[in-house]
Amino acid sequence: MSSPPIANPLFPVFLKLEQLRVLLVGGGNVGLEKLSAILRNSPNTAVTVVSITFLPELQKVAARHPAVQLHQGEYTDAYLDEADIVFAATDDPALHRRIREAAHARRLLVNVADTPALCDFYLSSVVQKGALKVAVSTNGQSPTVAKRLRSVLETALPDELDAVLQKMPAIRQQLAGDFAAKVRALDAVTAGLTGAPGYEAPATRRWRLVALGALLTTGMLAAARWQRTQANR
């Protein structure tokens, strides 16, 4: 008998990271990857980066963001006193465990690079179309599948979505009628983005969503097969 599928118990949330103080320990390739992800999503975040050495590429990224501070030298637990959230991104597993223990003693959340068991949160693959942001998580099981699905969504979601989103607050304020009428009107405004008619019957809408779900599932299965093929080479 096959075992039941593993559910994803993670709670999805979008942080206002620019209102928090971020500590990043590590100035190598992994540190650069984490810093780039942070600044790509929240470019004005105050990030303190601690490392004995820094990649030139990381220094260039930091130079473009005044809120990023580079501290060259050994990590000490005192850095945690000025942090709200922590990223450990070195090549030293023992240091990572020490950072995690010290951070938890201060009730801080920690992301430990390449060690899901030590993470309090994961970084997701992100699709962004202007104001629209979609985060994809595989519960740490396969970043490759998450990246492949992100690629599928980037292609499927039209660029016009952002233009519609920018207009939605004004449209919503001008609508009259009860809640149900407003929902139908908003659905008519956005239906063109998917090639759907201005208003769909519930049964039609249900089958369209089923078809979309099947498309996404096909994309994930294809990504999984590709990953297995690469692993067997």
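Residues numbered from 1 in each chain as written. Predicted model: local features only at pLDDT ≥ 70, side-chain atom pairs only at ≥ 80, totals over all residues. Heavy atoms only, no water.

Draft legend 1. Highlighting the side chain of serine 142. Secondary-structure assignment places serine 142 in the loop between β7 (132-136) and α4 (143-156). For serine 142, a relative accessible area of 8% gives the class buried. From its side chain, serine 142 meets the backbone nitrogen of valine 145 in a polar contact 3.2 Å long. (Helix = DSSP H or I, 4+ residues; strand = E, 2+ residues; numbered from the N terminus. Buried < 20%, exposed > 50% of the residue type's maximum accessible area, 1.4 Å probe, protein only. Polar contact = N/O pair within 3.5 Å; in protein donor to acceptor, adjacent residues only side chain to side chain.)

Draft legend 2. Inspection of the sheet that holds strand β3 (residues 68-72) at higher detail. In space, the five strands of this open sheet follow the order β3-β2-β1-β4-β5, with parallel pairing throughout. Either end of the sheet is taken by a strand with one partner, and the two such strands are β3 and β5 (109-112). Averaged over all pairs of adjacent strands, the angle between their axes in this sheet comes to 15°, without regard to strand direction. Pairing of strand β1 (residues 21-25) with strand β4 (residues 85-88) involves four bridges; the strand directions are parallel. Across the sheet, residue valine 22 finds its bridge partner in β4, namely isoleucine 85. Set on the sheet, helix α1 (residues 29-41) makes contact with β1, β2 (46-51), β3, β4 and β5; between it and β1 the angle comes to about 160°. (Pairing = 2+ DSSP bridges. Axes fitted to C-alpha atoms, helices over the stretch in contact; angles between N-to-C directions. Contact = heavy atoms within 4.5 Å.)

Draft legend 3. Inspection of the pairing of strand β6 (residues 125-129) at higher detail. Of the two faces of β6, the one holding Ser125, Val127 and Lys129 is buried and the one holding Val126 and Gln128 is not buried anywhere. Pairing of β6 with β7, which is carried by five bridges, proceeds in the antiparallel orientation. Considered in β7, the bridge of glutamine 128 is made with lysine 133. A loop of two residues connects β6 with β7, the two strands running antiparallel in sequence, and glycine 130 in this loop sits at a positive phi of about 65°.

Draft legend 4. Structural view of the pattern of salt bridges. In the structure shown here, the tally under the stated rule is five salt bridges. The shortest N-O distance in the salt bridge between aspartate 77 and arginine 98 comes to 3.6 Å. Separated by 21 residues along the polypeptide, aspartate 77 in the loop between β3 and β4 and arginine 98 in helix α3 (residues 93-105) bring together distant segments of the chain. Accessibility expressed as a relative area gives 39% for arginine 98, which makes it partly exposed. Overlapping salt bridges, with partners in common, bring together Arg21, Glu82 and Asp84 in one network. (Salt bridge = Lys/Arg side-chain N within 4 Å of Asp/Glu carboxyl O.)

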